[in-house]
Amino acid sequence: QTGPFELVAEPFQPPSTTHPFGTDDLGRDIFIQSAYGLTITLLVGVTVALLSGLIGILIGSVSGYFRGIVGTVTTALIEVFQALPLFFLVLVLISFFGSSTTNTVLALSLTLWASTARIQRGQVISLKNQMFVDMSKLIGEKEYYILISEILPNSVQPAIVNIAYTASIAVIVESGLSFLGLGDPKMMSLGFIIGNARYFFFQAWWIGLMPGILLFLTILSLNMISDGLNEVLNPRRG
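Okay, so let's go over this structure.

## A closer look at the environment of arginine 198
Inspection of the secondary structure assignment puts arginine 198 in the loop between helix H9 (190–197) and helix H10 (206–233). Sequence separation between arginine 198 and phenylalanine 179 is 19 residues; the distance between their C-alpha atoms is 9.2 Å. Polar contacts involving the side chain of arginine 198 include one to the side chain of tyrosine 199, which spans 2.8 Å.

Put into structure tokens, the structure is as follows:
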């Protein structure tokens, strides 16, 4: 099986039946690169969305339900991370820990959770004084049990919608990092292909065309999934 870094033909071959997307400056097949790149890009986006979503739901739930120092610290943490410039924070983390797919996923997961946490916090605050919560307290249920079994199942829907949206943000940021040469050099992503194509735009326009279209369609699809989930899960939809 041909790999994305394997030289398969002469450089700068235009799209043909043999190589549908053409070849790049080294003679690598852009169709194969795009297929691998799409897989890596989606893997990073979905993984980051799930990890950051779990972090956001956990911190947002704790921040919204508990008072005192726990609530104050977690709320301040959410506000700090929301105020930080996302892309530059990820750049700092990647520069410090090194460029790899694992580090990229961890850096994005540790910076993209704040919006989900803010949404989850608002949902928990709106539910924690409801009658069913008061009844649980009256029968002696512990606080953490009330939060996990009573409030969380009734508050998590908007956070799930935001998790799907976070996947598209993760794809954009990961592609930007790869475009700048800060992605994993051993992995082929769509941003890496487009970044390499910018040097040969007038000489071989096809190098970045199809990867760019695939990236656009990927982000569009993830946003449409987020909108669809909002339509399904939004309890206020009439």
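## Here's the deal with unusual backbone geometry
Look at phenylalanine 12: it is not a glycine, yet its phi comes out positive at around 55°. If you trace the backbone, phenylalanine 12 turns up in the segment before helix H1 (30–65). Accessibility expressed as a relative area gives 23% for phenylalanine 12, which makes it partly exposed.

## Notes on the packing of H9 against H10
Viewed as axis vectors pointing N to C, H9 and H10 meet at an angle of 145°, and their least axial separation amounts to 9 Å. Where H9 crosses over H10, the handedness of that crossing is left-handed. Between H9 and H10, the contacting residues are Leu190, Ile193, Ile194 and Ala197 on the first element and Ile207, Gly208, Pro211, Gly212, Leu214 and Leu215 on the second. Across the contact of H9 with H10, the residue classes break down as 8 nonpolar, 2 polar and no charged.

## Things to note about the environment of serine 221
Assignment of secondary structure puts serine 221 in helix H10. Judged by its relative accessible area of 38%, serine 221 falls in the partly exposed class. Separated by 179 residues in the primary sequence, serine 221 and leucine 42 have C-alpha atoms spaced 11 Å apart.

## Some points on the packing of aromatic side chains
Summed over all chains, the structure comprises 10 aromatic pairs. Between the aromatic rings of phenylalanine 21 and phenylalanine 31, the centroid separation amounts to 5.1 Å while the plane-to-plane angle is 70°, which identifies the pairing as edge-to-face. Within this pair, whereas phenylalanine 21 is found in the segment before H1, its partner phenylalanine 31 is found in helix H1, the two being separated by 10 residues in sequence. Here phenylalanine 87 and phenylalanine 88 contribute two aromatic rings whose centre-to-centre distance is 6.4 Å and whose plane-to-plane angle is 85°, an arrangement assigned as edge-to-face. The rings of Phe12, Tyr199 and Phe200 are connected pair by pair, giving a single aromatic cluster.

## Quick look at a nonpolar patch on the surface
Among the surface-exposed residues, Trp205, Leu209, Ile213, Phe216, Leu217, Leu220 and Met224 lie close enough to one another that they form a single nonpolar patch of about 690 Å² accessible area. Here tryptophan 205 lies in the loop between H9 and H10. Given a relative accessible area of 47%, tryptophan 205 falls into the partly exposed group.

## With respect to the environment of glycine 98
Tracing the sequence through the fold places glycine 98 in the loop between helix H3 (86–97) and helix H4 (101–109). Judged by relative accessible area, glycine 98 falls into the partly exposed class, the value being 25%. Considered as a pair, glycine 98 and leucine 209 are 111 residues apart in the sequence and their alpha carbons are 29 Å apart. In this structure glycine 98 touches Leu93 and Asn103, once residues within four positions along its chain are discounted.

## Observations concerning the side chain of threonine 218
With respect to the helices, strands and loops of the structure, threonine 218 is situated in helix H10. Reaching out from threonine 218, the side chain makes a polar contact with the backbone oxygen of leucine 214 at a distance of 2.7 Å. If near-sequence neighbours (up to four positions away) are discounted, threonine 218 is found in contact with Leu38, Leu42 and Val171.

## What to know about the side chain of serine 189
Following the sequence through the fold, serine 189 ends up in the loop between helix H8 (157–179) and H9. In contact with serine 189, other than residues within four places in its own chain, are Gly37, Ile40, Thr41, Glu174 and Ser178.

## Topic: H3
End to end, H3 covers 17 Å across 12 residues, agreeing with the expected 16 Å (1.5 Å per residue, within 8%). Looking only at H3, the buried set comprises Val90, Leu91 and Ile94. Seen from one end, H3 has its buried residues packed into an arc of 105°, which puts them on one side. Seen from the buried face of H3, the exposed residues on the opposite side, beyond 90 degrees, are Phe88, Val92, Phe96 and Phe97. Considering only its buried residues, H3 is in contact with H4 and H8. Positive backbone phi, at 105°, marks glycine 98, one or two positions downstream of H3.

Definitions and limits used
Residues numbered from 1 in each chain as written. Predicted model: local features only at pLDDT ≥ 70, side-chain atom pairs only at ≥ 80, totals over all residues. Heavy atoms only, no water. Helix = DSSP H or I, 4+ residues; strand = E, 2+ residues; numbered from the N terminus. Polar contact = N/O pair within 3.5 Å; in protein donor to acceptor, adjacent residues only side chain to side chain. Buried < 20%, exposed > 50% of the residue type's maximum accessible area, 1.4 Å probe, protein only. Axes fitted to C-alpha atoms, helices over the stretch in contact; angles between N-to-C directions. Left-handed = near helix turned anticlockwise from the far one by under 90°. Contact = heavy atoms within 4.5 Å. Nonpolar A, V, L, I, M, F, W, Y, C, P; charged D, E, K, R; others polar. Phe/Tyr/Trp six-rings, centres within 6.5 Å; stacked < 30°, edge-to-face > 60°. Patch = residues over 30% accessible without salt bridge, like charges linked within 9 Å, V, L, I, M, F, W, Y side chains within 5 Å. Areas by Shrake-Rupley, 256 points an atom, 1.4 Å probe, with all protein chains shown as cover. Salt bridge = Lys/Arg side-chain N within 4 Å of Asp/Glu carboxyl O. Expected span 1.5 Å × (residues − 1). Arc of directions from axis to C-beta.

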